[in-house]
Amino acid sequence: MHLTRRLLTTAVAVAAVLATALSAAPPTTAAASAPCTSTWQAVQKVAVRMPAWNEGPVATTRSPIVCYLRRGERVTSCIVAVGRSSWSQYRECGGGSLWRIVRGGQVPAGCLRRA
């Protein structure tokens with residue numbers, strides 16, 4: 001009787017270890033290793049802004065301008081930053097609080113369209 005309990009307990013423990021090891025395996029999806037290929041086109045001339053050291057991770061309308069995108073210029077962006085404060089909302093290109101992260105800074109998402 002005790003031997004059967006020990007075998008059963010050992011079998012359960014081995015099964016738990018195997019289940020944990022299999023669930024901890026890293027994902028092997030293609031999306032995790034694929035580079036960003038989403039291209040966007042500027043609707044009008046728009047400023048690329050970089051958040052200041054005291055503004056947090058999302059640009060605001062007060063953020064310093066790094067450069068400008070000309071109308072029709074193409075950029076690559078796969079990440080959107082969502083501004084939660086009132087200063088993160090912009091009025092240009094229809095307004096909003098979504099900022100696309102591009103090389104050099106952030107651009108209002110309303111000012112870009114899929115290329």
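Keep in mind the model is a prediction, meaning the values are calculated, not measured.

A. View of the nonpolar core. Core analysis: the biggest nonpolar cluster contains 10 residues, these being Trp40, Ala42, Val46, Val48, Leu69, Val75, Val102, Val107, Cys111 and Leu112. Looking at this core, the elements with two or more residues in it are strand E1 (39–42) and strand E2 (46–49). Excluding its chain neighbours within four sequence positions, the residues that come into contact with Cys111 are Gln41, Ala42, Val43, Gln44, Val46, Glu92 and Cys93. Within the second largest apolar cluster, 6 residues are counted, among which are Val58, Ala59, Ala81 and Trp99.

B. Representation of the state of the cysteines within the structure. Taken as a whole and assessed by the stated rule, the structure comprises 2 disulfides. Numbered by order of appearance in the sequence, the disulfide-linked cysteines of the protein chain pair as 1-2, 3-4.

C. Here's a closer look at a nonpolar patch on the surface. Taken together, Val80, Val82 and Leu98 make up a surface patch of nonpolar side chains, about 200 Å² in accessible area. Checked against the element boundaries, Val82 lands in strand E5 (residues 79–82). Since its relative accessible area comes to 36%, Val82 is described here as partly exposed.

Calculation rules
Once a new chain begins, its residue numbering starts again from 1 and follows that chain's sequence as written. Local features are withheld for residues below a pLDDT of 70 in this predicted model, meaning they are given only at 70 or higher, and side-chain atom pairs are given and counted only at 80 or more; totals for whole chains, interfaces and linings count all residues. Computation of side-chain values: all heavy atoms of the structure, hydrogens and water removed. Residues enter a nonpolar core if they are buried and are Ala, Val, Leu, Ile, Met, Phe, Trp, Tyr or Cys, with the set joined through side-chain atoms within 4.5 Å. Summary of the burial criterion: residues with accessible area below 20% of their type's maximum are buried, those above 50% are exposed, and those between are partly exposed, where the area comes from a 1.4 Å probe applied to protein chains only. Helix and strand assignments come from DSSP, with helices taken as H or I runs of at least 4 residues and strands as E runs of at least 2, each series counted from the N terminus. Only heavy atoms matter for contacts: two residues are in contact if any of them lie within 4.5 Å across the pair. We call a pair of cysteine sulfur atoms a disulfide when they lie within 2.5 Å. A patch consists of residues exposed above 30% relative accessible area that lack any salt bridge, with like charges linked at up to 9 Å and nonpolar side chains (Val, Leu, Ile, Met, Phe, Trp, Tyr) linked at up to 5 Å. Calculation of accessible area relied on Shrake-Rupley with a 1.4 Å probe; when residues are assessed, cover is drawn exclusively from the protein chains displayed. By definition, a salt bridge exists where a carboxyl oxygen of Asp or Glu is found within 4 Å of a side-chain nitrogen of Lys or Arg.

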